[in-house]
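Next come the chains, spelled out residue by residue.
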Amino acid sequence: MNEAWNLLGWNEQLETAKQAYDQQWTPARVVLEHKHLYRVLDEHGELLAAPSGKFRQTSDFPAVGDWVLVDARHDEGKATIHALLPRKSKFSRKEAGAVTKEQIIAANVDYVYLVMALNQDYNLRRLERYLLAAYDSGALPCIVLSKGDLCGDIGQKLQEVENIAPGVDVYVTSAVDRRGIDAIEQQLTAGVTAAFLGSSGAGKSTLVNMLFGQEVQLAGAIRDDDGKGRHTTTHRELVQLPGGGMIIDTPGMRELQLWNQHHTGMKSAFADIDLLGGECRFRDCTHSNEPGCRVQEAIEAGELEDERLHSYFKLQRELQYLEGKTSVKAQQEQRKQFKQLSKQVKQVKKRR
């Protein structure tokens, strides 16, 4: 395997997948995407890439972090994308608006850093939502509590976060004294990719700047009244760190709408409720008013917060609703394809 590709995250699985395609096409990694035009990076440098006409017929376009196979023309600084290689992970959400469509935020990442500032941005219920999506992404979730210098009760906040995310690495950081930055740097070794996700003003771009050693993303001012910042990062972009690791910085998300998260994600994000549920008297206990419900007993005993159970119910309902909508959409698409196929068959028969 090429050493330059390895530094970008190339691995044996990708090498095996590449063998199924034209060997004249070369691997490149997507570092920036804008309306189906891409900046890709290969062993020789950066290229402006556009999908081939055949590739455009697919609905699965590349996302930042993806590996693609291209026909590279370095003398022009351009390339044509011919194939998308399998992803080892992807962090997705439902696209904003009424459309039921997946939006991939970051692909092929090893770590998902969920950034939450220790000011007005602090919200455990929102963190639960992010954790659910992170567990289902295939990447390892980590939590970054930024702006530690603005918090007077870090110990309490840290305990609250650890209670809802047992086993997840939690880092408290500060731009004032670089607290926690060295520990994160140690994870981002050569070939490792991480995505930084969080709301606007959480401090993601400031963290990227500190990890990079200089300002690569403009950090904006924070409003005093609500602790929120301007959308200083306006697009998703993969940048290489001096130490060899890679970071995908993302625009602040006002809302993370879930996208077809699996039951395994719920089990991981709410492992405490899942464990308690296994001790209920009835196997199909809904944890509402059944006798012998271990979850309700835990709430009464102060072992589990009532708000956490409400969050669990809310996310379950949201996933069930989304699953129903996507199922209906899939059925409609199948009917549409069947009608098109039937029309083509009739046209062929007429020509005969």
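Definitions and cut-offs
Residues numbered from 1 in each chain as written. Predicted model: local features only at pLDDT ≥ 70, side-chain atom pairs only at ≥ 80, totals over all residues. Heavy atoms only, no water. Helix = DSSP H or I, 4+ residues; strand = E, 2+ residues; numbered from the N terminus. Buried < 20%, exposed > 50% of the residue type's maximum accessible area, 1.4 Å probe, protein only. Contact = heavy atoms within 4.5 Å. Areas by Shrake-Rupley, 256 points an atom, 1.4 Å probe, with all protein chains shown as cover. Arc of directions from axis to C-beta. Disulfide = S-S within 2.5 Å. Phe/Tyr/Trp six-rings, centres within 6.5 Å; stacked < 30°, edge-to-face > 60°. Lys NZ or Arg CZ within 6 Å of the ring centre and 35° of its normal. Core = buried A, V, L, I, M, F, W, Y, C linked by side-chain atoms within 4.5 Å. Salt bridge = Lys/Arg side-chain N within 4 Å of Asp/Glu carboxyl O.

Asker: Quick question: what am I supposed to make of the overall build of the protein here?
Answerer: Looking only at helices and strands, one finds ten helices and 13 strands in the protein. The proportion of buried residues among the 352 residues of the protein is 46%. Contacts in the protein between residues at least 24 apart in sequence constitute 66% of all its contacts with a sequence separation of at least 6. Carbon and sulfur atoms make up 49% of the accessible area of the protein, which totals about 18,600 Å².

Asker: Just checking my understanding: could you explain helix H4 (residues 154–164) for this structure?
Answerer: It helps to recall that an α-helix has 3.6 residues per turn; residues three or four apart then point in one direction. For H4, every residue scored as buried is listed here: Lys157, Val161 and Ile164. Looking straight down H4, one finds its buried side chains confined to an arc of 65°; they lie on one side.

Asker: Looking at this model, I keep getting lost on helix H6 (residues 204–212). Mind explaining?
Answerer: By the criterion of burial, H6 is predominantly enclosed, with eight of the nine residues buried. The set of residues buried in H6 consists of Lys204, Ser205, Leu207, Val208, Asn209, Met210, Leu211 and Phe212. On the buried face of H6, the contacting elements are strand S8 (111–117), strand S9 (140–146), helix H5 (181–187), strand S11 (193–198), strand S12 (237–240) and strand S13 (246–249).

Asker: Where do I start with the state of the cysteines in this structure?
Answerer: The term disulfide refers to a covalent linkage connecting the sulfur atoms of a pair of cysteines. For the structure on display, the rule yields zero disulfides. With no disulfide of its own, Cys280 lies 3.9 Å from the sulfur of Cys285, the closest cysteine sulfur. In this model Cys293 remains outside any disulfide bridge; the closest cysteine sulfur is found in Cys285, 3.7 Å from its own. Judged by its relative accessible area of 2%, Cys293 falls in the buried class.

Asker: Looking at this model, I keep getting lost on unusual backbone geometry. Mind explaining?
Answerer: When glycine is set aside, most residues are seen to have a negative phi, and most peptide bonds are trans. Although it is not a glycine, Lys147 adopts a positive phi angle of roughly 60°. Mapping Lys147 onto the fold places it in the loop between S9 and H4. Among the residues examined, Lys147 registers a relative accessible area of 17% and is labelled buried.

Asker: It is not clear to me how the packing of aromatic side chains should be interpreted in this structure. Could you clarify?
Answerer: Aromatic ring pairs: the centre-centre distance and the angle between the two ring planes describe each pair. Tallying each qualifying case throughout the model produces seven aromatic pairs. With 6.1 Å between their ring centres and 80° between their planes, Phe55 and Phe61 make a pair best called edge-to-face. Taking relative accessible area as the criterion, Phe55 reaches 8% and is therefore assigned buried. Clustering of aromatic rings is evident, with ring pairs tying together Tyr111, Tyr113, Tyr171 and Phe196. A cation sits over an aromatic face here: Lys157 above Tyr122, 5.1 Å from the ring centre.

Asker: Where do I start with the nonpolar core in this structure?
Answerer: As a rule of thumb, nonpolar side chains are buried together in soluble globular proteins. Grouped together as the largest cluster of nonpolar side chains are 41 residues, with contacts concentrated most on Val112, Leu114, Leu127, Ile143 and Val161. With six residues, helix H3 (residues 124–137) is the largest single contributor of residues to this core. Those residues in contact with Ile143 that lie beyond four places of it in its chain are Leu114, Leu127, Leu131, Val161, Ala165, Val168, Asp169, Val170 and Tyr171. Counting residues in each nonpolar core, the second largest holds 21 residues, with Tyr113, Val115, Cys142 and Phe196 among its members.

Asker: Whenever I open this one, the pattern of salt bridges confuses me. Can you help?
Answerer: Proximity of charged atoms lets side chains of opposite charge pair with each other. The final tally for this structure, using the stated rule, is 17 salt bridges. Here Arg125 ties to Glu128 by a salt bridge, and the two come within 2.8 Å at their closest N and O atoms. One end of the pair, Arg125, and the other, Glu128, are both in helix H3, three residues apart, so they sit about a helical turn from each other. Residue Arg125 is classed as partly exposed on the basis of its relative accessible area of 22%. Accessibility expressed as a relative area gives 1% for Glu128, which makes it buried. Glu279 is the partner of Arg294 in a salt bridge, and the nearest nitrogen-oxygen pair spans 3.1 Å.

Asker: I tried to follow the environment of Met210 on my own but got confused; where do I start?
Answerer: By the element assignment, Met210 lies in helix H6. Linking Met210 and Arg178, residues 32 residues apart in sequence, is a C-alpha distance of 7.6 Å. Apart from residues lying up to four places away in sequence, Met210 is in contact with Ser174, Ala175, Arg178, Ile181 and Glu185.

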